[in-house]
Amino acid sequence: MDSKRIEELLSKYWNCETSLEEEQSLREFFNGGTIPDQFREASLLFQYFQHQKKKSVGDLAFDENIPAEPKEDKGKIRKFNLVYNSLRIAAGIAVLMTAIWFVRSEIRQNTPQEMVDTYNDPQLAFEETKKALMMISKSFGTAEEQAKKINLFNEAQEQIEGKHEEEGKQ
């Protein structure tokens, strides 16, 4: 095969445009006799492919690389897995407990407290309630007096504003 044809096929091969027949002719060329120096790199690639194609799983070299019995380091791995899994479970429980604590504290804050009866004697409770209502009544009376003063102030202000409006119309 001539050099120009090989260059064209290699160009198509690198661009992934060759057909199966063209690739076969390239394999035959590179796995054949002498190869020019300009195609030495491509030759090495095709020779590598051919060499790998000849290898099989039943090859003796393959069997030599696999040990007959696995190493007995399973004890260390088991201990590591046991510790690792225990830590994962402990972390999960810690997250769960923290979430429960936050939810319970949120519920306690948002729930009103129950009313607790502080007096066992009904008569004593009545007297205390009466005192509390009298204290509120006195405060309410004082507040009513202050409200009357504010009301008097508002009426005076309205009268002044009314006079200004009448003067402005004249």
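If you're wondering where the values come from, they're calculated on a predicted model, not measured in any experiment. (Residues numbered from 1 in each chain as written. Predicted model: local features only at pLDDT ≥ 70, side-chain atom pairs only at ≥ 80, totals over all residues. Heavy atoms only, no water.)

Quick word on the overall build of the chain
Here is step 1 of the chain: Regarding its fold elements, the chain presents six helices and zero strands.
Here is step 2 of the chain: Written out in order from the N terminus, the α and β elements of the chain read α-α-α-α-α-α.
Here is step 3 of the chain: Counted over contacts in the chain with a minimum sequence separation of 6, partners at least 24 positions apart contribute 31%.
Here is step 4 of the chain: Accessible surface for the chain amounts to roughly 15800 Å². Of this, 58% is attributable to carbon and sulfur atoms. (Helix = DSSP H or I, 4+ residues; strand = E, 2+ residues; numbered from the N terminus. Contact = heavy atoms within 4.5 Å. Areas by Shrake-Rupley, 256 points an atom, 1.4 Å probe, with all protein chains shown as cover.)

A few points about the confidence of the model for the chain
For any part of a model where pLDDT is low, the fine detail of the predicted coordinates should not be relied upon.
Here is step 1 of the chain: For the chain, the mean per-residue pLDDT works out to 81, and 84% of the residues sit at or above 70.
Here is step 2 of the chain: Here helix H4 (residues 60-65) stands out as the least confident element of the chain, with mean pLDDT 64; helix H5 (residues 74-110) is the most confident, with 88. (pLDDT = per-residue confidence, 0-100.)

Structural notes on helix H3 (residues 40-54)
Here is step 1 of the chain: A rise of 1.5 Å per residue sets the reference length of H3, with its 15 residues, at 21 Å; its end C-alpha atoms lie 21 Å apart and thus fit the reference within 8%.
Here is step 2 of the chain: Close packing links the buried residues of H3 with helix H1 (3-14) and helix H2 (20-30). (Expected span 1.5 Å × (residues − 1).)

Description of the pattern of salt bridges
Here is step 1 of the chain: One pass over the full model with this rule turns up three salt bridges.
Here is step 2 of the chain: In this structure, Glu22 and Lys12 form a salt bridge, with 2.9 Å as the shortest nitrogen-oxygen distance. Remark: Lys12 occurs in helix H1 and Glu22 occurs in helix H2; sequence separation between them is 10 residues.
Here is step 3 of the chain: Here Lys12 falls in the partly exposed class, since its relative accessible area comes to 29%.
Here is step 4 of the chain: In this structure, Glu128 and Lys131 form a salt bridge, with 3.4 Å as the shortest nitrogen-oxygen distance. Note that Glu128 and Lys131 are positioned in helix H6 (residues 122-169) at a spacing of three residues, about one turn of the helix. (Salt bridge = Lys/Arg side-chain N within 4 Å of Asp/Glu carboxyl O. Buried < 20%, exposed > 50% of the residue type's maximum accessible area, 1.4 Å probe, protein only.)

Notes on the side chain of Ser25
Here is step 1 of the chain: Looking at the element boundaries, Ser25 is found in helix H2.
Here is step 2 of the chain: Polar side-chain contacts of Ser25 include one of 2.7 Å to the backbone oxygen of Glu22. (Polar contact = N/O pair within 3.5 Å; in protein donor to acceptor, adjacent residues only side chain to side chain.)

A short note on the nonpolar core
One recurring pattern in soluble globular proteins is that nonpolar side chains are buried together.
Here is step 1 of the chain: With 11 residues, the main nonpolar core is built from Ile6, Leu9, Leu10, Tyr13, Leu26, Phe29, Phe30, Ile35, Phe39, Ala42 and Phe46.
Here is step 2 of the chain: Examining the composition of this core, we find that four residues originate from one element, H1, more than from any other.
Here is step 3 of the chain: Sequence-distant contacts of Tyr13, defined by excluding residues within four places in its chain, comprise Thr18, Glu23, Leu26, Phe46 and Phe49. (Core = buried A, V, L, I, M, F, W, Y, C linked by side-chain atoms within 4.5 Å.)

Quick notes on a nonpolar patch on the surface
Here is step 1 of the chain: Nonpolar side chains collect at one region of the surface, where Ile89, Ile93, Leu96, Met97 and Ile100 lie side by side and expose about 500 Å² of accessible area between them.
Here is step 2 of the chain: Residue class for Ile89 comes out exposed when judged on its relative accessible area of 54%. (Patch = residues over 30% accessible without salt bridge, like charges linked within 9 Å, V, L, I, M, F, W, Y side chains within 5 Å.)

Examining a negative patch on the surface
Here is step 1 of the chain: Together, Glu155, Glu158, Glu161, Glu165, Glu166 and Glu167 give the surface a local cluster of negative charge.
Here is step 2 of the chain: With a relative accessible area of 56%, Glu158 lands in the exposed category. (Lys, Arg positive; Asp, Glu negative; His and termini not counted. Charge placed at Lys NZ, Arg CZ, Asp CG, Glu CD.)

Regarding H1
Here is step 1 of the chain: Here H1 contains 12 residues, and its C-alpha end-to-end distance of 16 Å stays within 8% of the 16 Å for a straight helix at 1.5 Å per residue.
Here is step 2 of the chain: By the burial criterion, the buried members of H1 are Ile6, Leu9, Leu10 and Tyr13. Projection of H1 onto a plane perpendicular to its axis shows the buried side chains occupying an angular sector of 100 degrees, all on one side.
Here is step 3 of the chain: Packing partners of the buried residues in H1 comprise H2 and H3.
Here is step 4 of the chain: In the segment just after H1, Cys16 is the residue with positive phi, at about 60 degrees. (Arc of directions from axis to C-beta.)

Section: the packing of H2 against H3
Here is step 1 of the chain: As a packed pair, H2 and H3 sit with axes 9 Å apart at the nearest point and diverge in direction by 100 degrees. Comparing their axes, H3 and H2 come out roughly perpendicular. Taken together, the residues of H3 that come into contact with H2 (itself represented by Leu26, Arg27 and Phe30) are Ala42, Ser43, Phe46 and Gln47.
Here is step 2 of the chain: For the contact of H2 with H3, the class distribution of residues is four nonpolar, two polar and one charged. (Axes fitted to C-alpha atoms, helices over the stretch in contact; angles between N-to-C directions. Parallel < 35°, antiparallel > 145°, perpendicular 65-115°, else oblique. Nonpolar A, V, L, I, M, F, W, Y, C, P; charged D, E, K, R; others polar.)

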